[in-house]
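Residues per chain, in single letters:
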Amino acid sequence: GQFWAGAAPPRTEATPSGTVFQVECRTEAGESVLVLGSAQALGSWDMKEAKPLKLEGTTWKSEPLDVGSGEVEYKFIVKKGDDVRWEAIEPNRKLKGGAAPPVVKFGES
């Protein structure tokens, strides 16, 4: 492998252990970013089952998730307490089976 001084370069990959979802999003203190979507691993659009992302540098990243091999629709949300801010994009983001999702900016399709 290669050694990187500081943060690793941004990348997105579908690994055998799952798919990592990544988004660049400005947040305020107390806010968290989550991913929600059509696959069971993304909560089947149930807000209570949305998957939290962790901030790494300027990018929020999910744990590797097993979203299956079919097409998946998803969106990112920002949450603070009971307040939820959905991405104001139409249509939903789509991921083809087995593909790696790109790093995106919150609210930009």
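Conventions and cut-offs
- Residues numbered from 1 in each chain as written.
- Predicted model: local features only at pLDDT ≥ 70, side-chain atom pairs only at ≥ 80, totals over all residues.
- Heavy atoms only, no water.
- Core = buried A, V, L, I, M, F, W, Y, C linked by side-chain atoms within 4.5 Å.
- Buried < 20%, exposed > 50% of the residue type's maximum accessible area, 1.4 Å probe, protein only.
- Helix = DSSP H or I, 4+ residues; strand = E, 2+ residues; numbered from the N terminus.
- Contact = heavy atoms within 4.5 Å.
- pLDDT = per-residue confidence, 0-100.

With respect to the nonpolar core
Reasoning step 1: In this structure, F21, V23, V35, L42, V67 and F76 are the most contacted members of the largest nonpolar core, which totals 19 residues.
Reasoning step 2: Secondary-structure elements contributing two or more residues to this core are β4 (32-37) and β8 (72-80).
Reasoning step 3: Looking at this core, the element that brings in the most residues is β8, giving 4 residues.
Reasoning step 4: Residues contacting F21, with those up to four places away along its chain left out, are V35, L42, L53, W60, K61, S62, L65, V67, Y74, F76, L95 and P101.

What to know about the confidence of the model for the protein chain
Reasoning step 1: Overall, the prediction assigns the protein chain a mean pLDDT of 87, with 85% of residues at 70 or greater.
Reasoning step 2: Long-range and interchain partners of residues 1-13, a stretch whose pLDDT sits below 50, account for 13 contacts in this model, where long-range means more than four residues apart.

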